[in-house]
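Fold and contact review
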Amino acid sequence: MINIAIFASGNGSNAENIIRYFLKSKRIRVALILSNREDAYVHKRGRALGVHSRSFRKAEFDEGKSVLDALQAYSVDFIVLAGFLLKVSQPILEAYPDRILNIHPALLPKHGGKGMYGDRVHRAVIDAGDTESGITIHYVNEHYDEGTILFQARCEVLSTDSADDVARKVHELEYLHFPKVIEEAVLKVFPLPNR
Ligand code: GAR
């Protein structure tokens, strides 16, 4: 089995959707959830689906060792950030080159960067008067929201839309596309053996 770890900071609805998707897979599974918040709802979602989860402090994450130990203990091959708010630290980037994907709830390079997450992003889209938003799935590098873009999908933003309306449309796109894009990216690194 190819093992994925999901890093999440909050609610974890994407994490749950990804776990459920891979429950049907014979090759890939979500082996571990990691969070910088002990009280994040994602832990409950993981537990309910039989996925172990752990939390860590920011200092531990930046230093790398204990998080890398946990990833190794679960033989993690690939990392997915799903609503994760910290910048990925150098030791983790080095241990997983081109093996960390993030989802951002807007069409990068617009509305990205430090502090741009969740509803703040949707409000920025509305404040800018944008007529569309969407999702961006990209590889993670040492800068916020700047790694190579792998996939984007768009949705319409109406002048009457609230941030919650945009969030709903964006979440729909996330649930539909993110697991499949993860699967493709993972299988590119670990292709099916030739028969
Ligand atoms: C998702 O919309 C994700 O794209 C966003 O946080 C939300 C988490 O929702 N990520 C970012 O804003 C990262 N910059 P969830 O916890 O319900 O999956």
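Preceding this section is the structure that the text describes.
Please read these numbers as outputs of a predicted model, since none were measured by experiment.

As a further point, take the layout of surface pockets. Computed from the structure, the largest pocket encloses a volume of approximately 760 Å³. If you trace the largest pocket, you find 41 residues lining it, with Gly-83, Phe-84, Leu-85, Tyr-117 and Gly-118 closest to the centre. Every element with two or more residues in the lining of the largest pocket is listed here: α1 (13–23), β5 (100–104), α6 (119–127) and α7 (163–189). Split by residue class, the lining of the largest pocket holds 16 nonpolar, 17 polar and eight charged.

Once that is clear, we can look at the nonpolar core. Counting residues in each nonpolar core, the largest one holds 34 residues, and the members touching the most others are Ile-4, Ile-6, Ile-18, Val-80, Phe-178 and Ile-182. Elements with a contribution of two residues or more to this core: β1 (2–7), α1, β2 (28–35), β4 (78–81), β5, β6 (132–139), β7 (149–156) and α7. Not counting residues up to four positions away in its chain, the partners in contact with Ile-18 are Ile-6, Val-30, Val-80, Ala-82, Phe-178, Pro-179 and Ile-182.

Glancing now at the packing of α1 against α7. Direction vectors running N to C along α1 and α7 enclose 45 degrees, while the axes themselves pass 10 Å from each other. With respect to α7, the axis of α1 lies oblique. Relative to α7, α1 is oriented so that their crossing is right-handed. Where α1 approaches α7, its residues Ser-13, Asn-14, Asn-17, Ile-18, Tyr-21 and Phe-22 are matched on the opposing element by His-171, Glu-174, Tyr-175, Phe-178, Pro-179, Lys-180, Ile-182 and Glu-183.

Let's shift gears to the pattern of salt bridges. This model, assessed by the stated rule, comprises ten salt bridges. When the shortest N-O distance is used, the salt bridge between Arg-20 and Glu-16 registers 3.0 Å. Of this pair, Arg-20 and Glu-16 are both found in helix α1, four residues apart, which corresponds to roughly one turn of the helix. When the shortest N-O distance is used, the salt bridge between Glu-16 and Arg-45 registers 2.6 Å. Taken together, the residues Glu-16 in helix α1 and Arg-45 in helix α2 (residues 42–48) connect sequence positions 29 residues apart. Each of the salt bridges in this network shares a partner with another, and the network as a whole consists of Glu-16, Arg-20 and Arg-45.

Here we come to the site of the ligand. Looking at the ligand, there are 13 residues lining it, with Gly-12, Ser-13, Asn-14, Gly-118 and Glu-174 nearest. Asn-14 places a polar main-chain atom, nitrogen or oxygen, 2.9 Å from an oxygen atom of the ligand. Take His-171: an N or O atom from its side chain is 3.5 Å from an oxygen atom of the ligand. Coverage of the ligand by the protein chains reaches 91% of its 450 Å² of free accessible surface. Taken atom by atom, the bulk of the ligand overlaps the largest pocket. Elements supplying a minimum of two residues to the shell around the ligand: α1, β5 and α7. A class-by-class count of the residues in the shell around the ligand yields four nonpolar, eight polar and one charged.

With that out of the way, let us pick up helix α4 (residues 65–73). Because the α-helix completes a turn every 3.6 residues, residues three or four places apart line up on one side. Among the residues of α4, those classed as buried are Val-67, Ala-70 and Leu-71. One side of α4 carries all its buried residues, which in axial view fall inside an arc of 100 degrees. Residues of α4 that are exposed and point over 90 degrees away from its buried face: Gln-72 and Ala-73. The elements touched by buried residues of α4 are β1, β2, β3 (52–55), α3 (58–63), β4 and α5 (90–95). Ser-75, located one to two residues past α4, shows a positive phi value of around 45 degrees.

So, how was this worked out
Residues numbered from 1 in each chain as written. Predicted model: local features only at pLDDT ≥ 70, side-chain atom pairs only at ≥ 80, totals over all residues. Heavy atoms only, no water. 1 Å grid on protein atoms, 1.4 Å probe; cavity = no way out; pocket = protein on both sides within 12 Å on 5 of 7 lines; lining within 4 Å. Points joined across faces, edges and corners; volume = space filled by probe spheres on them. Helix = DSSP H or I, 4+ residues; strand = E, 2+ residues; numbered from the N terminus. Nonpolar A, V, L, I, M, F, W, Y, C, P; charged D, E, K, R; others polar. Core = buried A, V, L, I, M, F, W, Y, C linked by side-chain atoms within 4.5 Å. Buried < 20%, exposed > 50% of the residue type's maximum accessible area, 1.4 Å probe, protein only. Contact = heavy atoms within 4.5 Å. Axes fitted to C-alpha atoms, helices over the stretch in contact; angles between N-to-C directions. Parallel < 35°, antiparallel > 145°, perpendicular 65-115°, else oblique. Left-handed = near helix turned anticlockwise from the far one by under 90°. Salt bridge = Lys/Arg side-chain N within 4 Å of Asp/Glu carboxyl O. Near = heavy atom within 4 Å. Polar contact = N/O pair within 3.5 Å; in protein donor to acceptor, adjacent residues only side chain to side chain. Areas by Shrake-Rupley, 256 points an atom, 1.4 Å probe, with all protein chains shown as cover. Sits in = over half its atoms within 2 Å of the grid points. Arc of directions from axis to C-beta.

Shape is all these values report; function is a separate question.
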